[in-house]
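Given next are the chains, with one letter for each unit.
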Amino acid sequence: MTGRWRDSRGLTPVLGLTLLIGMVAVASIGIFLVSSASLSSSADGLEDERVEQSFTQLGADLNTVAASSSDTRTVALGLEDAEGDVSLVDSGHMTITVAGVDDPIIDEPLRSIEYRDGDTVVAYEGGAVFRGSGTETRLLSGPQVEFREETLHLPVTRLNGVESVSNDRIRLSKLGSEDLTRDGPNVAGRFVRITIESPYYVGWAEHYERQVDASYVRVDHESETVTVLLGQPQPDGSYDGAVYAQGDVKDNGGTPSVNGSITASGDVNITCEEPTVCTGGEEFDLRPLDEDIAYLLETVDDDAQPIEGSTLENGTYLTDNLSLPDDLTIDLSEGNVTLVVDGYIGLNNAKIEVIGAEGTNNVARVYTTGDVAIGGGSSGVSVESDDPSRFQLYGTSEMKFAIGQGEFTGTIYAPRDEPAEGTNDVVEEYAPNADCSPDADWADVCIGTGSVDFTGSIISGPMAIAQNAELTYDPLLKTVEPTIDIKPEHLPPKLTHLTIVAHDVGVESD
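Small disclaimer: the values here were computed from a predicted structure and weren't measured.

**Thoughts on the overall build of the protein chain**
- For the protein chain, the helix and strand inventory stands at 4 helices and 37 strands.
- Over its C-alpha atoms the protein chain spans a radius of gyration of 35 Å, topping by over 25% the 24 Å that the globule rule assigns to 510 residues.
- Expressed along its principal axes, the backbone C-alpha trace of the protein chain runs to roughly 130 × 75 × 45 Å.
- The buried share of the protein chain, reckoned over its 510 residues, is 50%.
- Considering only intrachain contacts with a sequence separation of at least 6, the fraction spanning at least 24 residues in the protein chain is 68%.
- If you sum the accessible surface of the protein chain, you get close to 23,400 Å²; carbon and sulfur atoms cover 46% of it.

**Observations concerning the side chain of Asp 387**
- Within the secondary structure layout, Asp 387 lies in the loop between β29 (380-383) and β30 (391-395).
- Residue classification places Asp 387 among the buried positions, given a relative accessible area of 13%.
- A distance of 2.8 Å separates polar atoms of two side chains, one belonging to Asp 387 and the other to Ser 389.
- In contact with Asp 387, other than residues within four places in its own chain, are Thr 409 and Leu 476.

**Brief notes about a negative patch on the surface**
- On the surface, Asp 102, Asp 103, Asp 285, Glu 398, Asp 417, Glu 418 and Glu 421 cluster together into a negatively charged patch.
- As for its position among the elements, Asp 103 is in the loop between β2 (85-98) and β3 (106-117).
- Taking relative accessible area as the criterion, Asp 103 reaches 60% and is therefore assigned exposed.

**With respect to the confidence of the model for the protein chain**
- In the predicted model, the protein chain carries a mean pLDDT of 89, and 91% of its residues have values of at least 70.
- Taken together, the stretch residues 1-12 has pLDDT below 50 and engages in 0 contacts with residues farther than four places along the chain or on a different chain.

**Some details on the pairing of strand β9 (residues 169-179)**
- Looking at chain direction, strand β1 (residues 72-76) and β9 are connected through 5 bridges and run antiparallel. Pairing of Arg 73 across the sheet is with Leu 172, part of β9.

**A look at the side chain of Ser 457**
- Among the secondary structure elements, Ser 457 is positioned in strand β34 (residues 452-460).
- In this view, Ser 457 contacts Tyr 239, Gly 241, Ala 242, Gly 410, Thr 411, Ile 412, Tyr 473 and Leu 477; residues no more than four positions away in its chain are not counted.

What counts, and where the lines are drawn
- Residues numbered from 1 in each chain as written.
- Predicted model: local features only at pLDDT ≥ 70, side-chain atom pairs only at ≥ 80, totals over all residues.
- Heavy atoms only, no water.
- Helix = DSSP H or I, 4+ residues; strand = E, 2+ residues; numbered from the N terminus.
- Rg over C-alpha atoms; globule rule 2.2 N^0.38 Å.
- Buried < 20%, exposed > 50% of the residue type's maximum accessible area, 1.4 Å probe, protein only.
- Contact = heavy atoms within 4.5 Å.
- Areas by Shrake-Rupley, 256 points an atom, 1.4 Å probe, with all protein chains shown as cover.
- Polar contact = N/O pair within 3.5 Å; in protein donor to acceptor, adjacent residues only side chain to side chain.
- Patch = residues over 30% accessible without salt bridge, like charges linked within 9 Å, V, L, I, M, F, W, Y side chains within 5 Å.
- Salt bridge = Lys/Arg side-chain N within 4 Å of Asp/Glu carboxyl O.
- Lys, Arg positive; Asp, Glu negative; His and termini not counted.
- Charge placed at Lys NZ, Arg CZ, Asp CG, Glu CD.
- pLDDT = per-residue confidence, 0-100.
- Pairing = 2+ DSSP bridges.

So this is what it looks like as structure tokens:
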């Protein structure tokens, strides 16, 4: 046993040296592996930087050619030895719409020049250069979009060419330009929406957040879409006549009359008191309020309070449907009252009474997304000062209005391009005596199968007036402008002028 311990001690120096050599070898291999990984990472970084610089220059050259009259140039990408490939692909879609205009100003696909190497993506699309895609997108160079002094100038580059593009040299040729807004609508007082669907949507959002208030740039990650909202809505009509009707205005039986002017796109067949002018066949274009009311409904939640009790005072109120079992008082003595109804308004033997307006400039404004029906002998709207400007009712282009008997002092503003479809959804329940069917189911506005005293102004669709109904215009309304009561803090940036020019650029390998 002792000898054995003596032999082990004799081998100790040799084992120590062997272990030391092994440790040095392992450390050397580790250093080699780390150095190799570091060199590889450094090389990848340099490669990515080279691609980014190449595409940033490509973007600048493309934008220059696009803005020129007839420029042609060759761009040296210098990526012939890169690991990835360059190609021209269909990548996204851009849509620009204006509130109240049926057709988009622009509704076109977007093409991009892309470099791809595995998960690495660098691309030029619509005037901008991006690195990465999806939520990892980073904006390298923004498009030449300018928004200042209520004016948006938006050039759109349309790429034309085959999918296969050289990694080395690309030839760019200006093919032409098209001013998409030359004969377009007036955007002042209207919402304008820019919607871009693209794998680079996060980069587009980053660009527009720099151009406009980020609060009005919305991102939908699920659909890879960014939407930009501009413009401050202002109705373009006025209360300068008793009736503006998109359609006919007709006597539906009895002895109804209108004391005030009538302007209608269809026929006018009703007694019109002198010296006013009542003419049919007139062309006029008043923008519907559908998008305005939808946006008001969307933004009113933070400020609105529910209807509790029988009196509304200074403030904003929100309810689903307004079905009144009893009278509702609106007190304007302390300020404006705004009531937003996401649904219908039905009054059966119930009245809205507006008080406290005298000596103030305060107004009650009611906005509804549904139909309106007023029936029963004691129903209607009354204003303590008999000033119809103090109660203003606003509706969408699909709103139908009916009043059977009683009084209504106020204005109705619900313009449309054509008559609404269907019938009044609530007239049967709340005002069956105001139902225009079946002999006048064409009418969007039905006044009177009893005695109705209407003082104010109506801007809507085709109208049928019956029995002893009398519609009287109040000249006080000439100085009143229809208003969408969106609070200033919820209004997007104001837009007065919009210019969109599409530039066609040919792309091919050189």
